[in-house]
There are 2 protein chains.
Amino acid sequence: MAASTLTEVARLAGVSPATASRVLNGSARKPGKDIADRVRQAADSLGYVPNAQAQGLAKSSSGLIGLIVHDIADPYFAAIARGVQEAAREQRRMVLLATTGGGPAEEKEAVAAFAARRADSIVIAGSRSCRDEDQDGNAELAAELDRYCRNGGRVAVVGHPVVGATASEGYHVVEVPNQELAGRLATELAAGWDGDFVIVGGPEGLLTSDDRVRGFQDGLERVGRRPAEVLRSAFNRSGGYEAGLQLAARIKAARSGETAAPQLCIFAVNDVMAIGAAAALRSEGLRIPRDAAIAGFDDIETLRDFRPALSTVRLPLEDIGRFATRATGRQPDTGNGEEGESASPGVITGEVTLRRSTEAAA
Amino acid sequence: MAASTLTEVARLAGVSPATASRVLNGSARKPGKDIADRVRQAADSLGYVPNAQAQGLAKSSSGLIGLIVHDIADPYFAAIARGVQEAAREQRRMVLLATTGGGPAEEKEAVAAFAARRADSIVIAGSRSCRDEDQDGNAELAAELDRYCRNGGRVAVVGHPVVGATASEGYHVVEVPNQELAGRLATELAAGWDGDFVIVGGPEGLLTSDDRVRGFQDGLERVGRRPAEVLRSAFNRSGGYEAGLQLAARIKAARSGETAAPQLCIFAVNDVMAIGAAAALRSEGLRIPRDAAIAGFDDIETLRDFRPALSTVRLPLEDIGRFATRATGRQPDTGNGEEGESASPGVITGEVTLRRSTEAAA
DNA sequence: AAGAAGTGGGAACGCGCTTTCCCAGCCAGT
DNA sequence: ACTGGCTGGGAAAGCGCGTTCCCACTTCTT
């Protein structure tokens, strides 16, 4: 990757590199019109492209923002990524992508890599985990993030703070009211449903999943329903599918008994799992919502055409990404309270969306 | 973004920066064991993180690979991005993301930005367009790419070469046999379907769409069927939906006539459009495949649980991303024919996958 | 008309790192 | 014992740019 340099441009224009630099990027000092034109002309006759690395080195800031997701092909993360991308464009910065599969160790590496690249800020989108085996990883991740922040980096994490992180300067958390929304979903569901509830959750310790489970149980309790049983499996489509198979077996067993089969309403802690579970039920010959109702969480766009339409909680994924990114933007000036506030992200809120998949069978 | 520097580490370890540099990254020269240990210890006692920008500047190569997509939230691109990401990790590089919405002008800007950042290579995943209004944009994009290649950059574009690009050095195209596969889909569909075909395509001039349309027509012709009518709309879900509404109206009109309603098989040039079309039909009270069959293209993972299961052409999206990325990797040595070949990407092939959505109604 | 204030351009240093070149020791060879 | 080839470490020159400082020159003061 060689290319023409500022010095070459300057030489061609017959000026000093300093002058060339001043005209080719917004500097405080504006060289004279005629000279500026000469430089600009020289620049594009040479096809000059400024070296962002050198600029970054000199200015010590890179215009990069790092995004950490579990898996970019997961529509949940893809939607967030879109928001991040948009906000980044607003700020005229580029996004650096890292996918980690969810392990704190890999997340730590990603943070280190971003730090090495001197990314101005980092957005962490994956769910936090507090499982025992992630203990060490979390600690290391927290340490890495702290160091990054101490060096002036800004980080935003969606959902939960990184377990053990202590940095306060430049450390933002975009709160997602998973628990509250799950609670609302539970109560609304309960209003139209007399049968039992089962929760299909992710692995214990996955904070996002745990919040949704807890919120749902709370909601149930608030309306005087007994707590739902919780099935744990992977936080993705196949996890949902497996849980779905188990439930299908159970439903069929119950149905063959003589007592009236109790209707079951399944709450999967995210849409993708819900779809997996639904697929499993269907593969076992069960129909939704006739044989079991099912609800998800997230309201993934691509899944909205799914039939039966999935009851879920709409989360403004794109906004979440956008807000997280904006939160890491340079504050205008701490002096001006009003302007400073406008930079602070709006509060995230979701919306329970009941659809066909949980309509009580007539 | 300040942090401790190599010089500081060197000073703490009581060696010269040169030595510190040699031990902290793979250099040809390996300093003595004791010295190396001292340096390493100094490094992590200081929490040293090398400045990739400075490294890049000195080595003139950044370890960055730029990825250009239309929209990262589109599952098609997300899947490709996953492949790119994986390959990038293999090569210990990071991916820089740019989403352009499909316009050549924005793509050109993205290329320029990547060039500025001195990305080692660029992968362009979006479909090429040859519409008249994109003429100028394409030319500029081509020029920008040429310059990038001339400066030693490597680019891979999936599907079609950029219209007007002339660079040969370091310019790869990952061929996707859209036309052939669409043809095969047509013939296999025709084998089980006596009625008419309609194609729901993207805007004319979108090369990927055009290829699939053309291939489908060719396939039809090969088996002696008359060409399908082509409806054009946006290359996304809502485009499919709109086309679906039109078709629904047509189907219903035909049905109300006295002649037996001719069965219709709709081929949407990508899965997302197919889903949109299906949703439209359903919203008009039509059922699939009873009232109309429908097929897509891509076999998007998230859509596989869609009901009725969508007939489509499976494309190894992730591999496409992977191959494109690998194609831009530094060749080992042109001298060694065998090794050189192994770096060249495998050939992309797809697979016609017939499912429920096109089962002839009994 | 002489000095102050202002304007516009250049020289030079530094950002953090790699890499070439050089030099001081060390070994083996005659 | 003396020299030639190695080895391992340091000095220094960039990589491409931003920026501070400095200087020559113009324009407005009293």
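Thresholds, definitions, all that
Residues numbered from 1 in each chain as written. Chains lettered and ligands numbered in written order. Predicted model: local features only at pLDDT ≥ 70, side-chain atom pairs only at ≥ 80, totals over all residues. Heavy atoms only, no water. Near = heavy atom within 4 Å. Polar contact = N/O pair within 3.5 Å; in protein donor to acceptor, adjacent residues only side chain to side chain. Helix = DSSP H or I, 4+ residues; strand = E, 2+ residues; numbered from the N terminus. Nonpolar A, V, L, I, M, F, W, Y, C, P; charged D, E, K, R; others polar. Least-squares fit on C-alpha atoms with pLDDT ≥ 70 in both. Contact = heavy atoms within 4.5 Å. Axes fitted to C-alpha atoms, helices over the stretch in contact; angles between N-to-C directions. Parallel < 35°, antiparallel > 145°, perpendicular 65-115°, else oblique. Left-handed = near helix turned anticlockwise from the far one by under 90°. Buried area = accessible area lost by both parts, 1.4 Å probe. Salt bridge = Lys/Arg side-chain N within 4 Å of Asp/Glu carboxyl O. Pairing = 2+ DSSP bridges. Domains from an automatic or database assignment. Phe/Tyr/Trp six-rings, centres within 6.5 Å; stacked < 30°, edge-to-face > 60°. Buried < 20%, exposed > 50% of the residue type's maximum accessible area, 1.4 Å probe, protein only.

*Asks:* How would you sum up the protein's contact with DNA strand C? Please name residues and give values.
*Replies:* As a structural note, the neighbourhood of DNA strand C is formed by 25 residues, with A:Thr19, A:Arg29, B:Leu6, B:Asn25 and B:Tyr48 the closest of them. At the protein interface, 60% of the atoms of DNA strand C within 4 Å belong to sugar or phosphate. At 3.0 Å, a backbone N or O of A:Ser16 approaches a phosphate oxygen of DNA strand C. B:Asn25 is positioned such that a nitrogen or oxygen atom in its side chain is 2.4 Å from a phosphate oxygen of DNA strand C. The element that contributes the greatest number of residues to the surface near DNA strand C is helix 4 (residues 52-59) of chain B, accounting for four residues. Tallied by class, residues from the surface near DNA strand C come to 12 nonpolar, eight polar and five charged.

*Asks:* Lay out the relation of the copies chain B and chain A in plain terms, naming residues and giving numbers.
*Replies:* Superposition record for chain B on chain A: RMSD 0.1 Å, screw rotation 180°, translation along axis 0.0 Å. Between the two chains, the operation in question is that of a two-fold axis. In this assembly, 98% of the residues forming the interface of chain B have copies in chain A that are likewise at the interface, indicating an isologous arrangement.

*Asks:* Give a description of the packing of helix 5 (residues 75-90) of chain B against helix 12 (residues 317-327) of chain B that names residues and reports values.
*Replies:* Residues and elements named next belong to chain B. Close contact between helix 5 and helix 12 brings their axes to 7 Å; oriented N to C, the two are set at 45°. Our classification of the angle between helix 5 and helix 12 gives oblique. In this structure, the crossing between helix 5 and helix 12 has a hand that is right-handed. Side by side, helix 5 and helix 12 meet where Tyr76, Ala79, Ile80, Arg82, Gly83, Val84, Glu86, Ala87, Ala88 and Glu90 of the first sit next to Leu317, Glu318, Gly321, Arg322, Thr325 and Arg326 of the second. The class makeup of the residues in the contact of helix 5 with helix 12 is seven nonpolar, three polar and six charged.

*Asks:* Describe the interface of chain B and chain A, listing the residues and the values that go with them.
*Replies:* With 58 residues of chain B at the interface, the matching set in chain A holds 57 residues. At the boundary of chain B with chain A, total buried surface from both sides reaches about 5,200 Å², with 56% on carbon and sulfur atoms. The interface formed by chain B and chain A contains six salt bridges. For the salt bridge of B:Arg82 with A:Asp71, the shortest nitrogen-to-oxygen distance reads 2.5 Å. One can count 16 residue pairs in polar contact (both at pLDDT 80 or more) joining chain B with chain A. Where the side of chain B that touches chain A is concerned, the elements lending two or more residues are helix 4, helix 5, strand 2 (94-99), helix 6 (104-116), helix 7 (135-150) and helix 11 (271-283) of chain B. Ranked by residue count, the leading element in the side of chain B that touches chain A is helix 5 of chain B, at seven residues. Class assignment of the residues belonging to the side of chain B that touches chain A gives a composition of 31 nonpolar, 14 polar and 13 charged. Alignment of strand 2 (residues 94-99) of chain A against strand 2 of chain B, held across three bridges, turns out to be antiparallel. Across the sheet, residue A:Leu96 finds its bridge partner in strand 2 of chain B, namely B:Leu96.

*Asks:* I'd like to hear about the protein's contact with DNA strand D, residue by residue, with values.
*Replies:* Taken together, 25 residues lie near DNA strand D, and A:Leu6, A:Asn25, A:Tyr48, B:Thr19 and B:Arg29 sit nearest. Considering DNA strand D, the proportion of its atoms within 4 Å of the protein that are sugar or phosphate atoms stands at 61%. Take A:Gln55: an N or O atom from its side chain is 3.1 Å from a phosphate oxygen of DNA strand D. One of the side-chain N or O atoms of B:Arg22 is found 2.9 Å from a base nitrogen in DNA strand D. Listed by contribution, the elements that provide at least two residues to the surface near DNA strand D are helix 2 (17-24) and helix 4 (52-59) of chain A together with helix 2 (17-24) and helix 4 of chain B. Its residues assigned to classes, the surface near DNA strand D comprises 12 nonpolar, eight polar and five charged.

*Asks:* Tell me what's going on with the domain arrangement of chain A, and back it up with residues and numbers.
*Replies:* For chain A, the assigned domains are domain 1 (6-50), domain 2 (63-176 + 319-330) and domain 3 (178-314 + 350-358). Each of domain 1 of chain A and domain 2 of chain A has a C-alpha centre, and these two points are 38 Å apart.

*Asks:* Run through the sheet that holds strand 1 (residues 64-69) of chain A, naming residues and quoting values.
*Replies:* The 10 strands are arranged 5(A)-4(A)-3(A)-1(A)-2(A)-2(B)-1(B)-3(B)-4(B)-5(B) in an open sheet whose pairing can be described as mixed. The outermost strands of the open sheet, each flanked by one partner alone, are strand 5 (171-174) of chain A together with strand 5 (171-174) of chain B. Pairs of neighbouring strands in the sheet enclose a mean axial angle of 20°, with direction left out of account. Bridge count between strand 1 of chain A and strand 2 of chain A: six bridges; the pairing is parallel.

*Asks:* Talk me through the packing of aromatic side chains; I want residue IDs and the actual numbers.
*Replies:* A full pass over the atoms with the stated rule returns eight aromatic pairs over all chains. A centroid spacing of 4.4 Å and a plane angle of 15° characterise the contact between A:Phe216 and A:Phe267, whose relative ring orientation is stacked. One end of the pair, A:Phe216, is in helix 9 (residues 207-222); the other, A:Phe267, is in strand 8 (residues 264-268), and 51 residues separate them in sequence. Assigned by exposure class, A:Phe216 and A:Phe267 land together as buried. Seen from their ring centres, B:Tyr76 and B:Phe77 are 5.0 Å apart, and the 80° between their planes marks the pair as edge-to-face. Residue classification places B:Tyr76 among the buried residues on the basis of a relative accessible area of 14%. For B:Phe77, a relative accessible area of 5% translates into the label buried.

*Asks:* Go over the environment of B:Thr19 with me, naming the residues and quoting the values.
*Replies:* All names here are of chain B. Of note, threonine 19 is situated in helix 2. You can call threonine 19 buried: its relative accessible area is 16%. Put simply, threonine 19 and arginine 29 are 10 residues apart on the chain and 9.2 Å apart in space, counted from C-alpha to C-alpha. With residues near it in sequence (within four places) discarded, threonine 19 still touches Pro31 and Ile35.

*Asks:* Account for the sheet that holds strand 6 (residues 196-201) of chain B, naming residues and giving values.
*Replies:* Residue and element names in this part refer to chain B. Ordered in space as 7-6-8-9, the four strands form an open sheet in which the pairing is parallel. Taken across any chain shown, the strands that pair with only one partner, and hence form the sheet edges, are strand 7 (229-232) and strand 9 (292-295). Across this sheet, the average inter-strand angle for adjacent strands is 25°, counted without regard to direction. By the bridge criterion, four bridges tie strand 6 to strand 7 in an arrangement that is parallel. Residue pairing for strand 7: valine 198 is matched across the bridge by glutamate 229.

*Asks:* Could you give an account of unusual backbone geometry, naming the residues involved and the relevant values?
*Replies:* Note the cis peptide between A:Ile288 and A:Pro289, where omega equals 0°. In this structure, A:Pro289 sits in the loop between helix 11 (271-283) and strand 9 (293-295). A cis amide bond links B:Arg307 to the next residue, B:Pro308, at an omega of -10°. Structurally, B:Pro308 is set in the loop between strand 9 and strand 10 (312-314). Even without a glycine there, the phi angle at A:Asp298 is positive, about 125°. With respect to the helices and strands, the residue A:Asp298 is situated in the loop between strand 9 and strand 10 (312-314). Non-glycine residue B:Asp299 carries a positive phi angle of around 55°. Position of B:Asp299 relative to the elements: it lies in the loop between strand 9 and strand 10.

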